[in-house]
Amino acid sequence: MYKEEKKQLFVIALSLSLFVIILLLAVLIEPVEKKSPDNIAILLSGESRRERLTGLKHGLEELGFREHVNVEYDVRSADENKQRLAFLAEKIVQSEPKLIVVLGGLEAEAVLNAQQKLPGSNGPTPVVLAGVASAAARGLYTNGHPLDHLTGVENLDAELSGKRLEYFKLLLPHLKRVGVIYEPGIIPSEQGLAIAQQAAPFMGLEILKYPVRSADDLLALETTLQPGACDGLLLMPSFIIESGLDIFYQLSLNHKLPVFGLRVKGASDYYFASFGPDVYHQGRQTSRLVAKILKQGFSEAIPVETPDRVEFVINVQISQQLGIKLTPEQLQYADRLIEGGDGP
């Protein structure tokens, strides 16, 4: 009987001791506060930029940044409306996210203007460019260096206009007159036009200018393009032009005009040929810079990068629809060929 009582007392004493230890630990050890996800604000002018966003998210996920776990995305689209773009840029700046990703040059200008108008209490939020054309000409560089709170990927779309013209001539030796579709007032569009004009005489080409300022202007090309006026169309950087894939596809078939464009989403299916950095891969390349800032902050300048890959794509199916016969020697210049199917 005595042994049983002694055993019970020992169990009670042990239980009380454990309870006291747990109580002391609860008091002494401060609770670890769960870190909330980093907020990444993303601004895009419209759906023509959406593929960059897809590449950005895929790249970040592979680097360990998962939506609703350690990052949250605040994605805002202006639906191809420049006035709304400025309004959304101000809303993003006022929200003071961890960082801001802009999916084009117009978006970059809108955010930087908003930051000047609405300076934050802790300085400007870091801005990451996800494929911006003519960054230097836009003033995103100061004495050859990016602004202190800015980094990203420049796509060189304007600078590559001369190379597109060279490839165009390579595929179509009979090419003489090239209609250039550009948007006046848009820096990379005008810069690309100027580069094409400088390169054209060396290839025996004449440049014909076709300015567009709206989607209605794109539709009007159906009537403003006179039969035989040019032998092909070369597209310049512009979110209005980039959003007109179907218009250019129908225009190409109706007028039997090959269209040479940028590597925007759908370019492989809608254009005779395209050359430049793929928009999806621009987003993936940008994800590495975003990840670096999320991990290390923006304590020192991070250089703006150029594209780590460019593609030359030929749509053989469209060339056949246009009655253009390409030789095996011409086709071998392409990084990728689009063949078969029933079109877009």
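Residue indices begin from 1 for each chain and proceed along its sequence in written order. In keeping with the model being predicted, local features are shown solely for residues with a pLDDT of at least 70 and side-chain atom pairs are shown and tallied solely at 80 or more, while totals for entire chains, interfaces and linings include all residues. Side-chain descriptors were evaluated using all non-hydrogen atoms of the structure, hydrogens and water having been removed beforehand.

Asks: Report on the overall build of the protein chain, specifying residues and quantitative values.
Replies: Scanning the protein chain for helices and strands turns up 13 helices and 14 strands. Here, two residues are considered to be in contact whenever any of their heavy atoms come within 4.5 Å of each other. Here the contacts in the protein chain between residues at least 6 apart in sequence split such that 74% fall between residues at least 24 apart. Working definition of accessibility: Shrake-Rupley area with a 1.4 Å probe, residue cover restricted to the visible protein chains. Of the roughly 17,300 Å² that the protein chain leaves accessible, carbon and sulfur atoms contribute 54%. Runs of H or I in DSSP of at least four residues are treated as helices and runs of E of at least two as strands, each being numbered from the N terminus.

Asks: How would you sum up the environment of leucine 235? Please name residues and give values.
Replies: Among the structural elements, leucine 235 can be located in strand E10 (residues 232–235). Taking the C-alpha atoms as reference points, leucine 235 and valine 259, separated by 24 residues in sequence, lie 7.5 Å from one another. Those residues in contact with leucine 235 that lie beyond four places of it in its chain are Ile181, Ile241, Phe248, Val259, Phe260, Gly261, Leu262 and Tyr271.

Asks: So what about empty space enclosed by the protein? Which residues, and what values?
Replies: Put simply, the grid is 1 Å and covers the protein atoms alone, a cavity is a trapped set of points that fit a 1.4 Å probe, a pocket is an open set with protein on both sides within 12 Å along at least five of seven lines, and lining residues have an atom within 4 Å of a point. Grid points are joined across faces, edges and corners, and a volume is the space filled by probe spheres set on the points. The full count for this structure, using the stated rule, is 3 cavities of 30 Å³ or more. Taken as a whole, the largest cavity spans an internal volume of roughly 120 Å³. If you list the elements that add at least two residues to the lining of the largest cavity, you get helix H4 (105–117), strand E4 (127–132) and helix H8 (239–242).

Asks: Lay out the packing of aromatic side chains in plain terms, naming residues and giving numbers.
Replies: Here the aromatic set is Phe, Tyr and Trp, taking the six-membered ring for Trp, and pairing holds for ring centres within 6.5 Å; pairs whose planes are under 30 degrees apart are stacked, those over 60 apart are edge-to-face, and all others are tilted. Evaluation of the coordinates by the stated rule reveals 7 aromatic pairs. Criterion for a charge above a ring: Lys NZ or Arg CZ within 6 Å of the ring centre, and within 35 degrees of the ring normal. The side chain of lysine 163 reaches across the aromatic face of tyrosine 167, ending 5.2 Å from its centre.

Asks: Kindly report on the packing of helix H7 (residues 215–224) against helix H9 (residues 245–255), identifying the contributing residues and their values.
Replies: Running from N to C, H7 and H9 point in directions that differ by 10 degrees, and their axes come no closer than 9 Å. By the criterion of interaxial angle, the relationship of H7 to H9 is roughly parallel. Across the interface between the two elements, Ala215, Leu218, Leu219, Leu221 and Glu222 of H7 pack against Ile247, Phe248, Leu251, Asn254 and His255 of H9. Of the residues contributing to the contact of H7 with H9, the split by class is 7 nonpolar, 2 polar and 1 charged. Orientation is described by axes fitted as lines to C-alpha atoms, over the contacting stretch for helices, and by angles from 0 to 180 degrees between their N-to-C directions. Roughly parallel means an angle under 35 degrees; roughly antiparallel, over 145; roughly perpendicular, 65 to 115; everything else is oblique. Nonpolar residues are Ala, Val, Leu, Ile, Met, Phe, Trp, Tyr, Cys and Pro. Charged residues are Asp, Glu, Lys and Arg, and all others, Gly as well, are polar.

None of the figures reported here should be taken as evidence of function without further support.
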